[in-house]
Amino acid sequence: MTSAAPLPLRWRTATVIARRPETSQVATLVLDVPGWPGHRAGQHVDLRLTAADGYQAQRSYSIASANDGTAVAITVERVADGEVSPFLLDEVRISDDLELRGPIGAYFVWNPEAGNPLLLIAGGSGVAPLMSILRARAQAPDPPAARLLYSSRDEASIIYRDELDRMATATGGPGILYTLTRERPTVWSGALGRIDRAMLERVGFPPTDEPLAFVCGPTPFVEQVAADLVALGYPGERIRTERFGPTGAVG
Amino acid sequence: MVITRGFSGRGRPAGRSSGRIPPGQHLVSDFPVLTAGPTPRTPLERWSLSLRDAERDLTVLSWADFEALPQSEMTADIHCVTKWTKLDTHWRGVTVDDLLKAAGLTNPPGMFATAECDGGYTTNLPVADLIDGKAMVATHFGGEPLTPAHGGPARLLVPHLYFWKSAKWVRSLRFRDGDHPGFWESLGYHIYGDPWREQRYTGDT
Ligand SMILES: Cc1cc2nc3c(=O)[nH]c(=O)nc-3n(C[C@H](O)[C@H](O)[C@H](O)COP(=O)(O)OP(=O)(O)OC[C@H]3O[C@@H](n4cnc5c(N)ncnc54)[C@H](O)[C@@H]3O)c2cc1C
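Residues numbered from 1 in each chain as written. Chains lettered and ligands numbered in written order. Predicted model: local features only at pLDDT ≥ 70, side-chain atom pairs only at ≥ 80, totals over all residues. Heavy atoms only, no water.

1. Overview of the overall build of chain B
Reasoning step 1: Looking only at helices and strands, chain B has two helices and eleven strands in total.
Reasoning step 2: Its helices and strands taken in sequence order, chain B reads β-β-β-α-β-β-α-β-β-β-β-β-β from the N to the C terminus.
Reasoning step 3: What you see for chain B is a C-alpha radius of gyration of 17 Å, in line with the 17 Å of a compact globule of 205 residues.
Reasoning step 4: Expressed as lengths along the three principal axes of its C-alpha atoms, the size of chain B is roughly 60 × 35 × 30 Å. (Helix = DSSP H or I, 4+ residues; strand = E, 2+ residues; numbered from the N terminus. Rg over C-alpha atoms; globule rule 2.2 N^0.38 Å.)

Here it is as structure tokens:
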């Protein structure tokens, strides 16, 4: 840390300025946060909801947007029976105020100057912070090679599909491979099945290229993928992980 | 404080747990895993635990040495900075007091300690938070050996601080006079981490 007296991260009022359904269970909220100091790709915010009687609930959400003025996008997946995610998906309307603080996190962050090839591995809504990285990469002057391996239950659950497809076909865009774990569409150019070592070997960069891996998704998914990357020769310190979502489900 | 339109909340502490859930936390029944990077797996025959005075080893315990020390049980509520709280978790291990005794020490050789772990993780604590039965190096959770994902074979357990202080895969406690920020502490998390004061991030008072 550089400064002797660090500033507290204060709660700010954020106004919902856009809502985008991404899939039947996932939506993006775009928040305008006056005074937002900017963020790095991969960071998250803490959101705080307050009931009329003062009861509060807090949850963390990854920032899905690249640094873009005072606008901060989060992408929320419904957790059945959840307290906060169904509220964000079903109740929140444009011009509502929410409280948040951030940006938080200095570990699961990508620095656009890092020259290492970038291997991004997402399970389900774990794609949110990786999308921030891909969006930041798309703005970077001289970005390294990047590949996204993205596991979803079925085709309809792929978040950001159109934007990802556009990125993949753009000059210098990332390589993208989707894999589906619970559906086999008749027409499908992606992969099928859970991410395993063979798939990682095929999609990833050889360890000699000194790639930097970012893995995000449900816990069992992240455990498995990180262990496979270690087995493939990726050094532990170049495998960044973020785990969220219910402990059971794997994308 | 901004009232959130339409929000009434559901996760209110039920009778039995009221007063046990710090602000900003909610109860979970499962046991979430949060770790930076891959899970290290150290075979027991290569495992050891050392106590260090700055750069000097005071004692190095093998797994067998460790198991031969007095074993203690601890039941505690744990609170993760990512907002979950789990009540009545049950652990077995060796208290830091007994570890110090095993190293022939009556007092810790410094005001602060850094827990150092497989995988390079570190976290810092005042020694006052480690002694007098407040902390242990735990090897069992709920009567079973700790799984690697939860820090097995051995993790530090300091239940009264946010759970990132309960370092997984602990291999040494290094005592020093100064407080040196560990992994999360140098990445923006609070130097102390009291859940009841919501000391989550650098600058929280
Ligand atoms: C750093 C970080 C970033 C995150 N980013 C995102 C994001 O970008 N998008 C997103 O949708 N979610 C994200 N999450 C998860 C989010 O914070 C909430 O946990 C999630 O929205 C569920 O909240 P809820 O109130 O709806 O469910 P709750 O009422 O909290 O949960 C209902 C039940 O679901 C299970 N559960 C829910 N969440 C978790 C969890 N995190 N770990 C273990 N079990 C759980 C539990 O069994 C719980 O009892 C992130 C979490 C972290 C820590």
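2. Some words on the sheet that holds strand β4 (residues 56–62) of chain A
All names here are of chain A.
Reasoning step 1: Taken in spatial order, the six strands line up as β4-β3-β6-β1-β2-β5 in an open sheet, and their pairing is antiparallel. Strands at the two margins of the open sheet, each flanked by one partner only, are β4 and β5 (71–77). Looking at each pair of strands side by side, their axes are set apart by 40° on average, direction ignored.
Reasoning step 2: As judged from the seven bridges shared by strand β2 (residues 26–32) and β5, these two strands associate in the antiparallel manner. Within β5, the residue paired with valine 26 across the bridge is glutamate 77. (Pairing = 2+ DSSP bridges. Axes fitted to C-alpha atoms, helices over the stretch in contact; angles between N-to-C directions.)

3. Considerations on the interface of chain A and chain B
Where interface size is given, it is often the accessible area lost as the parts come together that is meant.
Reasoning step 1: Taken together, the contact pairs 45 residues of chain A with 40 residues of chain B.
Reasoning step 2: When chain A packs against chain B, close to 3,500 Å² is buried across both sides, 56% of that on carbon and sulfur atoms.
Reasoning step 3: Our count for the chain A to chain B interface comes out at four salt bridges.
Reasoning step 4: Of the charged contacts in the structure, one is a salt bridge between A:Glu223 and B:Arg41, with a shortest N-O distance of 3.8 Å.
Reasoning step 5: Every element with two or more residues in the side of chain A that touches chain B is listed here: β3 (44–50), β4, β6 (97–104), α5 (219–231) and β12 (239–243) of chain A.
Reasoning step 6: Classifying every residue of the side of chain A that touches chain B by side-chain character gives 19 nonpolar, twelve polar and 14 charged. (Contact = heavy atoms within 4.5 Å. Buried area = accessible area lost by both parts, 1.4 Å probe. Salt bridge = Lys/Arg side-chain N within 4 Å of Asp/Glu carboxyl O. Nonpolar A, V, L, I, M, F, W, Y, C, P; charged D, E, K, R; others polar.)

4. Description of the environment of A:Ser125
Residues and elements named next belong to chain A.
Reasoning step 1: Inspection of the secondary structure assignment puts serine 125 in the loop between β7 (118–123) and α2 (127–139).
Reasoning step 2: In the structure, serine 125 is positioned 108 residues away from glycine 233 in sequence and 27 Å away in space, judged by C-alpha atoms.
Reasoning step 3: At a separation of 2.9 Å, a polar atom in the side chain of serine 125 contacts the side chain of glutamate 77. (Polar contact = N/O pair within 3.5 Å; in protein donor to acceptor, adjacent residues only side chain to side chain.)

5. Quick notes on the state of the cysteines
Reasoning step 1: If you walk through the whole model with that rule in mind, you get zero disulfides over all chains.
Reasoning step 2: Free cysteine: A:Cys216, not disulfide-bonded; nearest cysteine sulfur from B:Cys80 at 15 Å.
Reasoning step 3: Residue B:Cys117 stays outside any disulfide, its sulfur separated by 15 Å from that of B:Cys80, the closest cysteine.
Reasoning step 4: Under the relative-accessibility criterion, B:Cys117 is labelled buried at 10%. (Disulfide = S-S within 2.5 Å. Buried < 20%, exposed > 50% of the residue type's maximum accessible area, 1.4 Å probe, protein only.)

6. As for the site of the ligand
Reasoning step 1: Around the ligand, the surrounding shell holds 24 residues, and the nearest of these are A:Ser60, A:Tyr61, A:Glu83, A:Val84 and A:Ser85.
Reasoning step 2: Mapping the residues adjacent to the ligand onto the chains of the assembly identifies chains A and B.
Reasoning step 3: A distance of 2.6 Å separates an oxygen atom of the ligand from a polar backbone atom of A:Ser60.
Reasoning step 4: At 2.8 Å, a backbone N or O of A:Glu83 approaches an oxygen atom of the ligand.
Reasoning step 5: Starting from 890 Å² of accessible surface for the ligand in isolation, the protein chains cover 86%. (Near = heavy atom within 4 Å. Areas by Shrake-Rupley, 256 points an atom, 1.4 Å probe, with all protein chains shown as cover.)

7. Remarks on the confidence of the model for chain A
Reasoning step 1: Predicted confidence across chain A gives a mean pLDDT of 93, with 95% of residues reaching 70 or more.
Reasoning step 2: Low pLDDT, under 50, characterises residues 247–251 of chain A; the predicted model gives this stretch 18 contacts beyond four residues in sequence or across chains. (pLDDT = per-residue confidence, 0-100.)

8. A closer look at the sheet that holds strand β2 (residues 48–53) of chain B
Residues and elements named next belong to chain B.
Reasoning step 1: Here we have five strands laid out as an open sheet, ordered β3-β2-β11-β6-β7, and mixed in their pairing. In the strand order of this sheet, the two ends are held by β3 (56–62) and β7 (122–126), each with one partner. Averaged over all neighbouring strand pairs, the angle between strand axes comes to 20°, with direction disregarded.
Reasoning step 2: Note: strand β6 (residues 112–117) against β7, five bridges, orientation antiparallel.

9. Thoughts on the packing of aromatic side chains
Reasoning step 1: Taken as a whole, this structure holds 22 aromatic pairs over all chains when the rule is applied.
Reasoning step 2: Arranged with centres 4.8 Å apart and planes meeting at 80°, the rings of B:Phe183 and B:Trp184 form a pair that is edge-to-face.
Reasoning step 3: A relative accessible area of 22% means that B:Phe183 is categorised as partly exposed.
Reasoning step 4: Seen in terms of ring centroids, B:Trp184 and B:Tyr189 are 5.6 Å apart; in terms of plane orientation they differ by 70°. Their pairing is edge-to-face. For the pair shown, B:Trp184 and B:Tyr189 are each scored as buried.
Reasoning step 5: Here the aromatic cluster, defined as three or more aromatic residues joined through ring pairs, consists of A:Tyr107, B:Tyr121, B:Tyr162, B:Trp164, B:Phe183, B:Trp184, B:Tyr189 and B:Tyr201. (Phe/Tyr/Trp six-rings, centres within 6.5 Å; stacked < 30°, edge-to-face > 60°.)

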